[in-house]
Amino acid sequence: NATYKLAENHTLNLNYSFDQTKNETYNSLVAGKDSLPGKIGKHLGGLSYQVELFDKRWTNTFMGKYYGLQLSKLQYDYDLLKQVLQSSFKSYYGYGLASVFKITSGAGVKASFEHTYRLQQISEVFGDSYQVSNNLGLDPESSDNINLGGFYGKKIAAHEFYAEAAGFYRSAKGFIYGSQSDNNQLQYKNLADVLIRGGEAEIRYSYNKLLNAVVNVTYQNATDNTRYPNGAGSGTVSATYKDKIPNQPWLYGNAELGIGKNNLLGKDTRIQFDWSSQYTHWYYRSWEGFATQNSLVTIPTQFIHNAMLSYAMQQNRYNVSVECKNLTNALAYDNFRLQKPGRAFYIKLRYFLK
C-alpha cells in the first residue's frame, strides 16, 4: 500500500494484495493416485484519487480496481487414465466513486456508486468432497451498487449520541448462491440477474465509560430478476422470477448493552456486564416458486440472547470473563436449517505481558 500527497487536499493511493489458497482431496476409488489439489489465486489492485473541498467539508474519492483470478485443478481423466491439469486466468475491472459532505461537524450525507466483482471462494468452486459439490464453471459475481445515507453525532457533557442510516440498490449479474438438493447436497451456482434493495440503520449511545448501547437493523429484499431461464430472450417465464433468494435473511438486527465501572472493586480494576441480542426474521430455505404453500420450507424466526460478565485488574493486565451464549436455549439454525448448538458457557482468562 502506498499513499502520495499530490498537493494540499489532493491524495493518491495505490494498493495491491495477492491471496492464494490451496486444498487437497483424495478419492479412495482411484487406487494408487495422488491427491487432487485445487488452487485459487486472487490478485486485487486498486488506485484511488481523493480530493477535499470547502475546508475539508466535502470529500470525493474516485477509484479503479483490478481483479485477477487464477484457477487450477488437477483432475483424473478416466478416458486417458491419467491426471490432467485444468488451469485458467481471467481479468476483471471495476470502478466507482464515493462522496461525503459534512453539513456540520457532526452531521452529513454520503453517497457512492461502484461497479465491482465478488470473486469465488475456494469452497464454492472445489467443494469439500462431502456435503458441498464442486462447480468448476462457477464465475465471479459482478454488480452495480448505489448507496445513499446520512449520519448525525452529538456530544453533550458526558453523553455521546450517534445515528446513521442508509439505503442501497444493487443489481447483480451472475449472483453466487447456494443451491440445495433434496438430499441436502449443496452446490454454489450463478444466477443470471438478481436485484437487491434495502436499507440499514444504527444508533449508538455512551455515557462516561459507564454505559454504552448499540441498536442496528437491516432490511434487504433480494429477488430473482431473471425473467427467462438459460439466457433465452423470450418464452416461458422462470418459475422463480421475482421470488426472494432462498437461504438469505431479509430482515435482521442486533442490540448490545454494556454497563461497566472502574475502581469499584479496588484500584485499577474494572467490572463489566454485557448483554447482546440477535434477531433474524423467518426466510425461505428453498425457492417459493417450486413449492406449494403446504410444502414450503422456511427457516423460522430466531431471537438469541447472550450475556457476559468480565473483571479486569491492574489496568487490564489480568482479565477473567464468563459468558453464556443463547441464554434461553432457543432453537437456532444456519442458512440451510442445520440446527446450531443451544445454550453454551465459556470462561476466558487473559494475561498481558509488559
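This write-up is about the structure you can find in this document. (Residues numbered from 1 in each chain as written. Predicted model: local features only at pLDDT ≥ 70, side-chain atom pairs only at ≥ 80, totals over all residues. Heavy atoms only, no water.)

## Structural notes on the overall build of the chain
(1) Moving on: Scanning the chain for helices and strands turns up one helix and 18 strands.
(2) Moving on: By principal-axis analysis of the C-alpha atoms, the chain measures approximately 75 × 55 × 50 Å.
(3) Moving on: Within the chain, residue pairs in contact and separated by at least 24 positions form 56% of the contacts whose partners lie at least 6 positions apart.
(4) Moving on: Per element, the accessible surface of the chain, about 21600 Å² overall, is 55% carbon and sulfur.
(5) Moving on: The average position of the 37 basic charges and that of the 28 acidic charges among the side chains of the chain differ by 7 Å. (Helix = DSSP H or I, 4+ residues; strand = E, 2+ residues; numbered from the N terminus. Contact = heavy atoms within 4.5 Å. Areas by Shrake-Rupley, 256 points an atom, 1.4 Å probe, with all protein chains shown as cover. Lys, Arg positive; Asp, Glu negative; His and termini not counted. Charge placed at Lys NZ, Arg CZ, Asp CG, Glu CD.)

## Examining the pattern of salt bridges
(1) Moving on: On inspection of all chains with the given rule, the structure shows eight salt bridges.
(2) Moving on: Of the charged contacts, one joins E141 and R170 as a salt bridge, the two residues approaching to 2.1 Å between their closest N and O atoms. Of the two residues, E141 sits in strand β8 (residues 141-156) while R170 sits in strand β9 (residues 159-180), which places them 29 residues apart along the sequence.
(3) Moving on: A relative accessible area of 3% means that E141 is categorised as buried.
(4) Moving on: Take R170: its relative accessible area is 23%, and that puts it in the partly exposed class.
(5) Moving on: For R204, the salt bridge goes to E202, with nearest N and O atoms at 2.7 Å.
(6) Moving on: For R204, a relative accessible area of 35% gives the class partly exposed. (Salt bridge = Lys/Arg side-chain N within 4 Å of Asp/Glu carboxyl O. Buried < 20%, exposed > 50% of the residue type's maximum accessible area, 1.4 Å probe, protein only.)

## Remarks on the environment of L191
(1) Moving on: On the secondary structure map, L191 appears in strand β10 (residues 186-207).
(2) Moving on: Beyond its immediate sequence surroundings of up to four residues, L191 is in contact with K173, G174, F175, Y177, D224, T226, I245 and W287.

## Some details on a nonpolar patch on the surface
(1) Moving on: Residues Y4, L6, L12, L14 and L47 make up a contiguous nonpolar surface patch of about 490 Å² in total accessible area.
(2) Moving on: If you list the elements that add at least two residues to the nonpolar patch, you get β1 (2-7) and β2 (10-25).
(3) Moving on: For Y4, the position within the fold is in strand β1.
(4) Moving on: Among the residues examined, Y4 registers a relative accessible area of 55% and is labelled exposed. (Patch = residues over 30% accessible without salt bridge, like charges linked within 9 Å, V, L, I, M, F, W, Y side chains within 5 Å.)

## A few points about the side chain of S171
(1) Moving on: Residue placement: S171 occurs in strand β9.
(2) Moving on: In this structure S171 touches S142, S143, D144, D193, V194 and L195, once residues within four positions along its chain are discounted.

## What to know about empty space enclosed by the protein
(1) Moving on: With the rule as written, the count across this model stands at one cavity of 30 Å³ or more.
(2) Moving on: Considered as a void within the structure, the largest cavity measures approximately 50 Å³ in volume.
(3) Moving on: For the largest cavity, the full set of lining residues is Q220, A222, K244, I245, Q248, P249 and W250.
(4) Moving on: Residues belonging to the lining of the largest cavity are distributed by class as follows: four nonpolar, two polar and one charged. (1 Å grid on protein atoms, 1.4 Å probe; cavity = no way out; pocket = protein on both sides within 12 Å on 5 of 7 lines; lining within 4 Å. Points joined across faces, edges and corners; volume = space filled by probe spheres on them. Nonpolar A, V, L, I, M, F, W, Y, C, P; charged D, E, K, R; others polar.)

## Focus: the environment of V132
(1) Moving on: Relative to the helices and strands, V132 is located in strand β7 (residues 132-133).
(2) Moving on: When the C-alpha atoms of V132 and L44 are compared, they prove to be 27 Å apart, with 88 residues separating the residues in sequence.
(3) Moving on: Beyond its immediate stretch of four places on either side in the chain, V132 contacts S123, G127, Q185, L186 and Y188.

## Some details on the pairing of β10
(1) Moving on: The pairing of β7 with β10 spans two bridges and is parallel. Bridging across to β10, V132 finds its partner in L186.
(2) Moving on: Across 21 bridges, the pairing between β9 and β10 is antiparallel. The residue of β10 that forms the bridge with S171 is L195.
(3) Moving on: The pairing of β10 with strand β11 (residues 211-224) spans 14 bridges and is classified as antiparallel. Bridge pairing in β11 places Y207 opposite L211. (Pairing = 2+ DSSP bridges.)

## What to know about the nonpolar core
(1) Moving on: The biggest cluster of nonpolar side chains holds 15 residues, and the ones touching the most others in it are I40, L69, V125, F126, L138, L186 and Y188.
(2) Moving on: At the level of elements, β4 (58-77), α1 (122-126) and β10 are the ones that each hand at least two residues to this core.
(3) Moving on: If we skip the residues at most four places from it in the chain, F126 touches N23, G38, K39, I40, S72, K73, N134 and L136. (Core = buried A, V, L, I, M, F, W, Y, C linked by side-chain atoms within 4.5 Å.)

## Considering the packing of aromatic side chains
(1) Moving on: Across all of its chains, the model carries 12 aromatic pairs by this definition.
(2) Moving on: Seen from their ring centres, Y66 and Y93 are 5.4 Å apart, and the 50° between their planes marks the pair as tilted. Separated by 27 residues along the polypeptide, Y66 in strand β4 and Y93 in strand β5 (residues 82-102) bring together distant segments of the chain.
(3) Moving on: Residue class for Y66 comes out partly exposed when judged on its relative accessible area of 26%.
(4) Moving on: Accessibility expressed as a relative area gives 55% for Y93, which makes it exposed.
(5) Moving on: Looking at K325, its charged tip hangs above the ring of Y346, at a distance of 5.1 Å from the centre.
(6) Moving on: Positioned above the aromatic ring of Y333 is the side chain of R337, whose terminal nitrogen or guanidinium carbon lies 5.2 Å from the ring centre. (Phe/Tyr/Trp six-rings, centres within 6.5 Å; stacked < 30°, edge-to-face > 60°. Lys NZ or Arg CZ within 6 Å of the ring centre and 35° of its normal.)

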